[in-house]
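Each chain, written out:
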Number of protein chains: 4
Amino acid sequence: MVVVMAPEATDEQIAHVTDRVEGVGGQAFVSRGVVRTIIGLVGDIESFHGLNLRSMAGVADVHRISDPFKLVSRQHHAERSTVWVGPAGHQVPIGPDTFTFIAGPCAVETAQQTLEAAEMAKAAGATLLRGGAFKPRTSPYAFQGLGVRGLEILSDVRATTGLPIVTEVVDARDVAVVAEHADMLQIGTRNAANFGLLQAVGDAGKPVLLKRGMNATIEEWLMAAEYVAQRGNLDVVLCERGIRTFEPSTRNTLDISAVPVVQGISHLPIIVDPSHAGGRRDLVVPLSRAAIAVGADGVIVDIHPDPETALCDGPQAILGADLRALAQAVRQLPPILGRVDSSAHARTSVTAVSVGV
Amino acid sequence: MVVVMAPEATDEQIAHVTDRVEGVGGQAFVSRGVVRTIIGLVGDIESFHGLNLRSMAGVADVHRISDPFKLVSRQHHAERSTVWVGPAGHQVPIGPDTFTFIAGPCAVETAQQTLEAAEMAKAAGATLLRGGAFKPRTSPYAFQGLGVRGLEILSDVRATTGLPIVTEVVDARDVAVVAEHADMLQIGTRNAANFGLLQAVGDAGKPVLLKRGMNATIEEWLMAAEYVAQRGNLDVVLCERGIRTFEPSTRNTLDISAVPVVQGISHLPIIVDPSHAGGRRDLVVPLSRAAIAVGADGVIVDIHPDPETALCDGPQAILGADLRALAQAVRQLPPILGRVDSSAHARTSVTAVSVGV
Amino acid sequence: MVVVMAPEATDEQIAHVTDRVEGVGGQAFVSRGVVRTIIGLVGDIESFHGLNLRSMAGVADVHRISDPFKLVSRQHHAERSTVWVGPAGHQVPIGPDTFTFIAGPCAVETAQQTLEAAEMAKAAGATLLRGGAFKPRTSPYAFQGLGVRGLEILSDVRATTGLPIVTEVVDARDVAVVAEHADMLQIGTRNAANFGLLQAVGDAGKPVLLKRGMNATIEEWLMAAEYVAQRGNLDVVLCERGIRTFEPSTRNTLDISAVPVVQGISHLPIIVDPSHAGGRRDLVVPLSRAAIAVGADGVIVDIHPDPETALCDGPQAILGADLRALAQAVRQLPPILGRVDSSAHARTSVTAVSVGV
Amino acid sequence: MVVVMAPEATDEQIAHVTDRVEGVGGQAFVSRGVVRTIIGLVGDIESFHGLNLRSMAGVADVHRISDPFKLVSRQHHAERSTVWVGPAGHQVPIGPDTFTFIAGPCAVETAQQTLEAAEMAKAAGATLLRGGAFKPRTSPYAFQGLGVRGLEILSDVRATTGLPIVTEVVDARDVAVVAEHADMLQIGTRNAANFGLLQAVGDAGKPVLLKRGMNATIEEWLMAAEYVAQRGNLDVVLCERGIRTFEPSTRNTLDISAVPVVQGISHLPIIVDPSHAGGRRDLVVPLSRAAIAVGADGVIVDIHPDPETALCDGPQAILGADLRALAQAVRQLPPILGRVDSSAHARTSVTAVSVGV
């Protein structure tokens with residue numbers, strides 16, 4: 001059961017609902033979105049009926065949700081959400097009205113390389129910068145990222161370019177320091193069932209980019225999002241990045257169908273990572289075009305000024321003609337499909353925004 | 001090793017090559033395409049070198065091919081091929097310059113249902129009609145198709161609508177009768193490693209639509225195409241229709257990356273079947289858009305005038321608003337990506353065509 | 001719905017049942033087993049109730065079957081079946097009371113190689129000889145088997161060694177000639193959904209060894225068995241041979257759980273092919289031990305007198321110490337698990353057999 | 001490159017090696033095993049050659065390892081290892097000479113239920129008790145375990161029954177408290193690529209039970225073990241628990257082949273979890289038998305005094321006749337395959353043990 005509060009609901013009204021729910025032995029999970037707050041209830045449905053929640057002050061609606069995920073379900077929230085990323089006054093939207101292009105290096109290696117990649121990204125039309133400071137690597141002998149030094153480089157590059165930062169966090173113990181520097185916290189495919197980490201980013205007060213586990217069903221992926229939402233953070237963007245199958249010619253199999261499937265059952269935005277899905281430079285542009293056409297809310301792409309020297313995933317990083325082709329696709333195709341470039345949206349005040357929770 | 005004959009090579013010149021190859025203990029597989037003939041050689045490479053094949057009359061070129069598939073490889077044939085389907089004077093192209101929309105019912109049930117579906121298809125802009133007379137069904141108790149009666153219905157509907165016919169053949173013993181009625185022979189996903197059937201359609205003198213086995217790697221799929229080509233038939237169109245994975249929310253997982261991967265290594269055209277991939281009506285339009293954007297040469301889609309009564313795969317058949325949305329996508333998107341509608345191509349003479357083998 | 005006839009039911013009594021069923025618009029599929037005949041009914045259940053089938057002469061029982069497969073379901077046939085393979089007087093059982101060891105070369109290459117392999121098999125305790133005359137190969141350029149010449153070699157080797165022959169048939173047009181020479185017809189993994197071939201072997205009057213499709217669910221596999229059974233042949237033995245997964249260290253992933261799962265829902269015997277599952281010589285003995293221990297009714301193993309020269313699957317063929325270790329496991333483990341060696345069973349008369357349909 | 005120290009090597013000798021390696025710019029990872037210490041080197045191979053490591057005091061051998069995993073590879077350590085679990089004087093071996101039976105409830109629910117399950121386990125011949133206090137659950141609304149209270153219950157039950165405890169840790173922040181109570185730390189399938197957690201248990205000084213990721217290749221799994229080993233802990237036991245495939249009749253597909261594959265390339269012990277692989281009570285006994293026969297070093301099985309009320313995975317918990325059948329298999333089969341029951345091994349002193357690092 002989900003209680004949707006009115007946009008103007010006060011903290012006291014919210015507390016009143018949770019008190020009543022707990023008074024009959026239930027649990028109440030409060031998730032605050034940009035526009036309104038949602039409260040997920042767990043416990044005995046019958047006892048909740050007796051509370052007459054719908055008549056309480058500040059309550060806009062009460063829904064019974066049959067999906068195993070509640071807060072991220074579209075059952076109580078037919079309108080698809082927009083998540084805003086970046087510092088106040090420079091926020092970039094990811095949602096149904098726009099198409100958001102995120103680009104940057106797989107790993108932050110040096111200040112110089114990161115700045116060059118960011119300038120390439122910006123020139124190509126990207127509005128958010130990706131870059132890894134903490135890298136989860138299959139081998140303990142592989143480059144593990146620069147850590148906090150990488151976060152500092154990203155902060156400096158944001159100051160120079162104005163691009164808000166998306167970066168991965170791989171350990172709950174690092175969430176605080178990453179949240180201090182980054183504008184959006186990425187959860188990688190290997191941590192898609194690291195529930196402690198999901199809860200920690202749910203508590204961190206920053207938007208989350210939640211990649212699909214390479215072995216996760218769509219339902220399990222939305223349950224992972226529910227772990228974040230349950231801690232009070234509805235600003236979750238999903239990212240399809242390929243699943244593991246028997247086909248060896250690509251690193252993973254991009255499950256392009258996941259985009260419309262997710263959009264049918266969850267209100268969360270969803271973007272596509274063509275770089276990690278294919279693992280091949282020559283597939284990035286066609287897969288990005290497919291992502292736009294299928295209705296994704298954005299793409300996140302690996303770029304590098306010199307892929308041959310990249311410390312991580314060089315074979316999939318694009319530059320030059322490929323990046324220009326991608327930039328053209330991002331300019332040309334979304335408007336045909338009814339979307340505007342995310343940079344066209346300047347977010348001046350919350351009240352002017354029609355989308356969002 | 002592959003011998004590419006000149007367009008004007010004579011039968012005697014071709015026979016001379018095969019005689020010489022067999023004279024040194026090799027095997028020669030002659031494949032006749034629309035524009036030129038290709039001869040695949042199997043045997044001892046060193047002995048072939050001694051033949052000085054390149055200097056023989058009618059020989060345009062000789063290539064050593066490292067791919068396990070030879071005749072369908074792009075190594076000897078950089079230009080991507082176009083396959084023409086339909087009776088002389090009404091041929092429809094499938095290839096790199098056009099986008100071909102194929103539609104029709106999963107199964108031919110009655111003359112009336114087939115005609116209605118064909119008229120829906122034509123009105124939506126389809127230039128080829130699909131429809132199953134022989135149906136491979138997992139259960140022996142399920143509707144197995146009308147057989148020859150279904151082929152007759154398809155022939156009648158072609159006469160009325162002018163749409164050439166694509167229909168499946170499931171048994172080598174039926175190839176002759178199907179080839180008598182159909183313009184293109186479809187090999188379904190369950191027969192992708194039925195090598196006797198592949199050889200039989202290779203001998204049948206009609207273009208072939210070769211669906212990917214739901215468990216086939218891309219390389220295995222191209223080897224299946226090689227079985228057809230080796231019998232002398234290069235008019236093969238590949239069709240990506242989803243692979244089997246762990247994800248339960250779609251019937252199969254559409255491997256959209258297969259389109260650019262195949263286009264990089266084979267000269268054969270490739271189309272997408274969004275209906276059987278997803279198995280869900282609501283996914284047909286977005287997946288078709290993705291197919292166009294990723295660079296597919298066409299789509300093949302299930303439609304039905306009354307899906308609720310369909311004897312086969314009703315849940316994925318589209319009509320009404322979905323079909324109109326698909327028609328719009330097929331009109332609107334391919335030109336942006338540099339393709340024309342397949343109906344815009346009237347094929348008047350072979351010599352005017354620049355593509356093809 | 002399934003009608004189980006009494007062991008002593010006459011052909012007239014069987015015909016009477018089918019006539020009545022067809023008289024109310026139903027279809028009746030007669031399957032003759034060793035002990036009794038089963039008739040599968042398809043059509044309107046209500047109309048069948050009106051026939052009062054249970055009271056007809058020769059009818060032992062009538063069952064409603066909820067499984068999608070009917071004739072091979074254990075719902076109407078709680079006792080697990082035994083299939084007998086070989087010429088009268090020399091029949092070898094495959095079923096719940098015995099453990100059957102089948103061995104031989106992947107492909108028949110020469111008379112000499114086949115005889116040597118058969119003698120190795122016999123010395124190791126095998127009671128049936130496997131060997132391929134028609135080979136389904138992914139590449140059209142690979143060795144395709146000796147065809148009819150291979151069948152003749154197998155017949156000669158049977159005459160010399162006394163071992164009944166199991167060999168694959170890959171095309172419905174070859175069923176007659178293969179059935180003429182072989183004692184058991186094998187359907188390979190690539191033909192597990194080649195329904196015309198399944199029906200053809202169902203008509204051929206010889207026991208069938210039905211390998212699981214590498215992408216087939218257990219339910220689909222049993223539906224394939226139903227295609228054979230529906231043509232009147234209940235002498236089907238299932239063979240688990242690995243499924244396709246993401247793990248690259250083995251050719252396929254042996255689904256050892258399939259053995260008890262199948263035994264819970266079907267009365268058909270089930271054996272394991274450790275050679276094609278792993279594709280590695282070093283795994284054949286441990287996987288065979290696992291097959292015995294999990295409760296399989298037999299194993300089928302590739303052996304070769306000289307694997308390095310094998311024309312097919314040499315890397316998985318065993319000989320020498322591996323074959324001796326396997327022979328020991330087959331002697332030692334089944335008795336502990338309550339089974340006897342299949343050679344210990346001499347089948348003298350049908351009436352003495354308690355197992356079987 | 002791996003440096004194997006002599007059993008009697010001193011800390012000074014170890015430090016001398018690491019100093020010299022670091023002196024030429026390399027990294028040295030010291031792993032202490034029961035019998036000897038191994039040092040893994042990362043860096044420029046050429047510079048290591050110049051150090052003449054083999055002649056240093058305390059060095060027994062130096063190996064170049066071509067596997068991507070080094071410390072857990074069998075290349076430098078042909079003998080398979082034994083890991084000892086439990087308090088001094090009551091240690092239970094897991095390794096090549098024994099067969100270890102681990103049993104207990106999926107989740108610790110109450111003191112009473114845990115004690116009953118432990119007594120069932122002990123009566124059936126189990127020598128280690130499993131039980132979850134911290135549970136990773138797909139749904140945030142599912143029972144998440146009793147946490148520290150669960151650990152206390154396990155400690156009490158160990159005091160009563162004498163069975164050492166295996167329990168899961170799901171978050172690096174909990175490793176200290178879990179290590180304080182448990183005798184062996186389990187890493188679950190969802191955390192198989194949670195590298196921070198792997199490093200944390202590597203630092204914890206307790207043996208580790210490392211389950212295979214449900215989507216992990218065998219190589220990735222061994223790389224996960226390498227993360228633990230690299231932190232100085234070679235007491236790692238691998239656990240095959242099924243991988244994710246397309247087959248729906250079991251929760252996962254038990255990859256039984258993984259046991260001999262792993263034993264061929266790693267010296268670490270490997271056991272099987274038939275309960276989580278199949279997810280079905282009726283498969284636990286046959287899959288356990290298969291695990292014994294294939295050569296596994298143990299099994300870990302879910303049992304519960306009252307599965308219908310279990311808060312976690314009740315459908316796979318066994319009791320009664322199933323548990324008795326399993327107990328019989330564990331007594332009967334391992335001796336035939338050359339192993340003794342793990343309870344037969346009393347470990348009195350390290351020097352008496354011939355196996356182990």
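Below is a short write-up of the structure. (Residues numbered from 1 in each chain as written. Chains lettered and ligands numbered in written order. Predicted model: local features only at pLDDT ≥ 70, side-chain atom pairs only at ≥ 80, totals over all residues.)

**Here's the deal with the interface of chain C and chain B**
- On the side of chain B, 25 residues touch chain C, which itself brings 25 residues to the contact.
- The set of elements that each furnish at least two residues to the side of chain C that touches chain B consists of helix H6 (195-202) and helix H7 (218-230) of chain C.
- Per-element tally for the side of chain C that touches chain B: the top contributor is H7 of chain C, with five residues. (Contact = placed C-beta atoms within 7 Å. Helix = DSSP H or I, 4+ residues; strand = E, 2+ residues; numbered from the N terminus.)

**Overview of the relation of the copies chain C and chain B**
- Here chain C sits on chain B after a turn of 180° about the axis and a move of 0.0 Å along it, with an RMSD of 0.1 Å. Here the two chains are linked by the operation of a two-fold rotation axis. Across chain C, the smallest distance between a C-alpha and the rotation axis is recorded for Asn-215 of chain C, namely 2.9 Å.
- The residues that chain C uses at the interface reappear at the interface of chain B in 100% of cases, marking a shared surface. (Least-squares fit on C-alpha atoms with pLDDT ≥ 70 in both.)

**With respect to the sheet that holds strand S1 (residues 2-5) of chain D**
All names here are of chain D.
- Ordered by their spatial adjacency, four strands build an open sheet running S2-S3-S1-S4, and the pairing between neighbours is antiparallel. The sheet is open, and its two edges are formed by strand S2 (27-32) and strand S4 (59-63), each paired on a single side. Direction aside, neighbouring strands of the sheet carry axes that sit 20° apart on average.
- Across the sheet, helix H1 (residues 11-23) lies against S1, S2, strand S3 (37-42) and S4, angled at about 155° from S2, the strand it touches most. (Pairing = 2+ DSSP bridges. Axes fitted to C-alpha atoms, helices over the stretch in contact; angles between N-to-C directions.)

**Overview of the interface of chain B and chain A**
- Between chain B and chain A, the contact holds 32 residues from the first and 32 residues from the second.
- Mapped by element, the contributors of at least two residues to the side of chain B that touches chain A are helix H8 (258-265), helix H10 (281-294) and helix H11 (320-336) of chain B.
- Examining the composition of the side of chain B that touches chain A, we find that nine residues originate from one element, H10 of chain B, more than from any other.
- Of the residues contributing to the side of chain B that touches chain A, the split by class is 17 nonpolar, eleven polar and four charged. (Nonpolar A, V, L, I, M, F, W, Y, C, P; charged D, E, K, R; others polar.)

**Digging into the pairing of strand S3 (residues 37-42) of chain B**
Residues and elements named next belong to chain B.
- The buried count for S3 comes to five of six residues, which makes it a mostly enclosed element.
- With three bridges joining them, strand S1 (residues 2-5) and S3 adopt antiparallel strand pairing. Bridging across to S3, Val-2 finds its partner in Gly-40.
- Sheet topology places strand S2 (residues 27-32) next to S3; six bridges connect them, and they run antiparallel. By the bridge assignment, Gln-27 is partnered in S3 with Val-42. (Buried ≥ 20, exposed ≤ 12 C-beta atoms within 10 Å, placed from the backbone.)

**Describing the packing of H6 of chain C against H7 of chain C**
Residues and elements named next belong to chain C.
- For the pair H6 and H7, the least separation of the axes is 7 Å and the interaxial angle reads 40°. One finds that H6 runs oblique with respect to H7. Pair H6 / H7 crosses with right-handed handedness. Only Ala-224, Tyr-227, Val-228 and Gln-230 of H7 make contact with H6, whose side of the interface consists of Phe-195, Leu-198, Gln-199, Val-201 and Gly-202.
- When the residues that make up the contact of H6 with H7 are grouped by side-chain class, the tally is six nonpolar, three polar and no charged. (Parallel < 35°, antiparallel > 145°, perpendicular 65-115°, else oblique. Left-handed = near helix turned anticlockwise from the far one by under 90°.)

**Focus on helix H3 (residues 111-123) of chain D**
Residues and elements named next belong to chain D.
- With 13 residues, H3 ought to run about 18 Å at 1.5 Å a step, and its terminal C-alpha atoms sit 18 Å apart, in line with that.
- Where H3 is concerned, the buried positions are Gln-113, Thr-114, Ala-117, Ala-118, Met-120 and Ala-121. Axial view of H3: buried residues confined to an arc of 160°, hence all on one face. Opposite the packed face of H3, turned more than 90 degrees from it, sit the exposed residues Gln-112 and Ala-123.
- Close packing links the buried residues of H3 with strand S7 (98-104), strand S8 (128-130), helix H4 (148-161) and helix H11 (320-336). (Expected span 1.5 Å × (residues − 1). Arc of directions from axis to C-beta.)

**Here's the deal with the nonpolar core**
- Ala-225 of chain A, Ala-225 of chain B, Ala-225 of chain C together with Ala-225 of chain D are the most contacted members of the largest nonpolar core, which totals 469 residues.
- Ignoring sequence-local partners within four residues, the contact set of Ala-225 of chain C consists of Phe-69, Val-72, Leu-210, Val-236, Leu-238 and Leu-268 of chain C. (Core = buried A, V, L, I, M, F, W, Y, C linked by C-beta atoms within 7 Å.)

**Some thoughts on the environment of Ala-118 of chain D**
All names here are of chain D.
- Relative to the helices and strands, Ala-118 resides in helix H3.
- The buried category is assigned to Ala-118, around which 27 C-beta atoms lie within 10 Å.
- Each C-alpha atom, one on Ala-118 and one on Gly-162, is 9.7 Å from the other, the two residues being 44 residues apart in sequence.
- For Ala-118, the contacting residues outside a window of four places in its chain are Gly-104, Leu-129, Val-157, Thr-161 and Leu-163.

**Let's talk about the pairing of strand S12 (residues 236-240) of chain A**
All names here are of chain A.
- Within S12, five of the five residues are buried, leaving the element largely enclosed by the surrounding structure.
- Because side chains alternate across S12, one face comprises the buried residues Val-236, Leu-238 and Glu-240, and the other comprises Val-237 and Cys-239, equally buried.
- Summarising the sheet, strand S11 (residues 208-211) and S12 pair through four bridges and their orientation is parallel. Within the sheet, the bridge partner assigned to Lys-211 lies in S12 and is Cys-239.

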